[in-house]
Amino acid sequence: MHYAPRILVTGGAGFIGSFLCERLLDTGAEVLCVDNFFTGRRTNVAHLLDNPRFEVMRHDVTVPLFVEVDQIYNMACPASPVHYQFDPVQTTKTSVHGAINMLGLAKRTRAKILQASTSEVYGDPEIHPQTEDYWGNVNPLGPRACYDEGKRCAETLFFDYYRQHKVQIKVARIFNTYGPRMHPNDGRVVSNFIVQALKGEDITLYGDGEQTRSFCYVSDLVDGLVRLMNTGDDVTGPINLGNPGEFTIRQLAEKIIEMTGARSKLVHKPLPQDDPRQRQPDITRAKTTLDWEPEIRLSDGLKPTIEYFRKEIQNLLPA
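A brief structural summary. What you see is a predicted model, and the numbers here were worked out from it, not measured in a lab.

So, on to the side chain of Gln280. Mapped onto the fold, Gln280 is located in the loop between β13 (266–269) and α9 (284–290). A distance of 3.1 Å separates the side chain of Gln280 from the side chain of His128, its partner in a polar contact.

If you want it as structure tokens, here you go:
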């Protein structure tokens, strides 16, 4: 009889987490989705509830969890500035206490564990593109520090559990990711621009709009996460996962206006504190170690994302 691995996904009802749950179910795994629904949404996983190998548990990772699993994907943490700055103390606790609790669970059950880290560990980078051996340039006292330093501390904990307790760890540093199921008011640039364009509002550019980002479609990212989890014990990461194609924020806004047929104008506002000027992953390590690189072009990924938001906005309109 074939044994189906039991896989825990924390933050499994979130934007990326829900696609990951779907992908793991497709491989025949049993999936336990854990979420406290602070930013995760039940609608993201509602279509999976009929699957007998899928289970949802409302739980906050800052509290220990006792379950039997073979693999853990630790995705839990609000990831957009609007959400992680809403309760910065809780954001740090989610990153730090959440990592300790999940690493404790991995140690007890001898499970492999993957940490969803972030390109924010590089802060406002002084080298470009960013490689995994760059230590970053983070302001530990600013309004983004709860997320940046929380994720940096989580990486520290992962590597200490690896050295001290021989826990099998994998660390992925996720760069900007977009796609359907993003939160309409998460304040991120892709969702902001699409929602503003679809509502016929002006599109807000912070600063001169020349700062750059790289945008990875969610299915490409999930593929990278699964490949990283399934590497041998000698691969711990950190490994950058993101799309090295670099766009200015202005180029993104113009593309979204064109694709939505909106008549929105571009308006400028001051740049938020500690907002990085450049973001571009060096994915050499992902290519050589995981044989992974993103395949979906920005315009191809924006199509389903725009359609998703079109439906979301229609659902919000009064009948």
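With that settled, the discussion passes to the state of the cysteines. Taken as a whole and judged by the stated rule, the model has 0 disulfides. Cys77 provides the cysteine sulfur closest to Cys153, a residue in no disulfide bond, and the two sulfurs are 12 Å apart. Cysteine Cys216 remains unbridged, with the sulfur of Cys21 as its closest cysteine sulfur at 18 Å.

Another aspect to go through is the pattern of salt bridges. Charged atoms that come close allow side chains of opposite charge to pair. As enumerated under the stated definition, the model contains 16 salt bridges in all. A salt bridge links Glu22 to Arg181, with the nearest nitrogen and oxygen atoms 2.8 Å apart. Of this pair, Glu22 sits in helix α1 (residues 15–26) while Arg181 sits in the loop between β7 (177–178) and α6 (189–198), and the two are 159 residues apart along the sequence. Each of Arg23, Asp223 and Arg227 takes part in one network of salt bridges that share partners.

The next point concerns the packing of α1 against helix α7 (residues 218–229). Running from N to C, α1 and α7 cross one another at 60 degrees; their axes reach a closest spacing of 10 Å. Viewed along their axes, α1 and α7 form a crossing whose handedness is right-handed. Note on element contacts: α7 touches α1 through Val218, Leu221, Val222, Asp223, Leu225 and Val226, opposite Phe15, Ile16, Phe19, Leu20, Arg23 and Leu24. The residue inventory of the contact of α1 with α7, partitioned by class, reads 10 nonpolar, no polar and 2 charged.

Pairing is parallel across the open sheet formed by 7 strands, whose spatial order is β3-β2-β1-β4-β5-β6-β11. Either end of the sheet is taken by a strand with one partner, and the two such strands are β3 (54–58) and β11 (239–241). Across this sheet, the average inter-strand angle for adjacent strands is 20 degrees, counted without regard to direction. One ladder, built from 3 bridges, connects strand β6 (residues 169–174) with β11; its direction is parallel. Bridging from a neighbouring strand, Arg173 pairs with Asn240 of β11. Where helix α4 (residues 88–109) meets the sheet, its contacts fall on β1 (6–10), β4 (71–74), β5 (112–118) and β6, and the angle it forms with β4 comes to roughly 170 degrees. Across the sheet, α7 is in contact with β4, β5, β6 and β11; its angle to β6 comes to roughly 160 degrees.

With that settled, consider the nonpolar core. Counting residues in each nonpolar core, the largest one holds 62 residues, and the members touching the most others are Tyr73 and Leu225. Sequence-distant contacts of Tyr73, that is, excluding residues within four places in its chain, are made with Ile7, Leu8, Val9, Thr10, Leu20, Leu24, Leu114, Leu225, Val226 and Met229. Counting 25 residues, the second largest nonpolar core, distinct from the first, contains Val69, Ala99, Leu157 and Phe159.

This paragraph deals with the environment of Ile113. Within the secondary structure layout, Ile113 lies in strand β5. In this structure, Ile113 is in contact with Ile72, Met102, Leu103, Ala106, Phe158, Val167, Gln168, Ile169, Lys170 and Met229, ignoring residues within four places of it in sequence.

Here the focus is the environment of Asp234. Turning to its location among the elements, Asp234 is positioned in the loop between α7 and β11. Overall, the relative accessible area of 67% leaves Asp234 in the exposed class.

Summed over the entire model, instances satisfying the criterion amount to 6 aromatic pairs. Here the aromatic rings of Phe15 and Phe19 are separated by 6.4 Å at their centres, their planes lie at 90 degrees, and the arrangement is edge-to-face. Linking Phe15 with Phe19, this pair stays in helix α1, spanning 4 residues, or about one helical turn. The two residues Phe15 and Phe19 agree in class, both being buried. Ring centres of Tyr178 and Tyr217 lie 5.5 Å apart, and the angle between their planes is 65 degrees; this geometry places the pair in the edge-to-face category. Here the residue Tyr178 occupies a position in strand β7, and Tyr217 occupies one in strand β10 (residues 216–217), the gap between them amounting to 39 residues. Its relative accessible area of 11% is what places Tyr217 among the buried residues. Taken together, Tyr122, Tyr134 and Phe175 form an aromatic cluster joined through their ring pairs. The lysine or arginine in question, Arg42, covers the ring of Phe37, its NZ or CZ lying 4.1 Å from the ring centre. Above the plane of the ring of Phe19 lies Arg181, whose end atom (NZ or CZ) is 3.9 Å from the centre.

Right, let's talk about helix α5 (residues 145–165) for a bit. Compared with the 30 Å implied by 1.5 Å per residue over 21 residues, the 28 Å span of α5 between its first and last C-alpha is a close match. Buried within α5 are the following residues: Ala145, Cys146, Tyr147, Asp148, Gly150, Lys151, Ala154, Glu155, Leu157, Phe158, Phe159 and Tyr161. Of the residues one or two after α5, Lys166 is the one with positive phi, at around 60 degrees.

With that settled, consider unusual backbone geometry. Residue His128 is joined to Pro129 through a cis peptide bond whose omega torsion reads -10 degrees. As for its placement among the helices and strands, Pro129 is situated in the loop between β5 and α5. Residue Gly237 is joined to Pro238 through a cis peptide bond whose omega torsion reads 5 degrees. Following the sequence through the fold, Pro238 ends up in the loop between α7 and β11. Its identity as a non-glycine residue notwithstanding, Arg110 has a phi of 55 degrees, on the positive side. Although it is not a glycine, Arg181 sits at a positive phi angle of roughly 75 degrees.

The rules behind the values
- Residues numbered from 1 in each chain as written.
- Predicted model: local features only at pLDDT ≥ 70, side-chain atom pairs only at ≥ 80, totals over all residues.
- Heavy atoms only, no water.
- Helix = DSSP H or I, 4+ residues; strand = E, 2+ residues; numbered from the N terminus.
- Polar contact = N/O pair within 3.5 Å; in protein donor to acceptor, adjacent residues only side chain to side chain.
- Disulfide = S-S within 2.5 Å.
- Salt bridge = Lys/Arg side-chain N within 4 Å of Asp/Glu carboxyl O.
- Axes fitted to C-alpha atoms, helices over the stretch in contact; angles between N-to-C directions.
- Left-handed = near helix turned anticlockwise from the far one by under 90°.
- Contact = heavy atoms within 4.5 Å.
- Nonpolar A, V, L, I, M, F, W, Y, C, P; charged D, E, K, R; others polar.
- Pairing = 2+ DSSP bridges.
- Core = buried A, V, L, I, M, F, W, Y, C linked by side-chain atoms within 4.5 Å.
- Buried < 20%, exposed > 50% of the residue type's maximum accessible area, 1.4 Å probe, protein only.
- Phe/Tyr/Trp six-rings, centres within 6.5 Å; stacked < 30°, edge-to-face > 60°.
- Lys NZ or Arg CZ within 6 Å of the ring centre and 35° of its normal.
- Expected span 1.5 Å × (residues − 1).

Geometry only, nothing functional implied.
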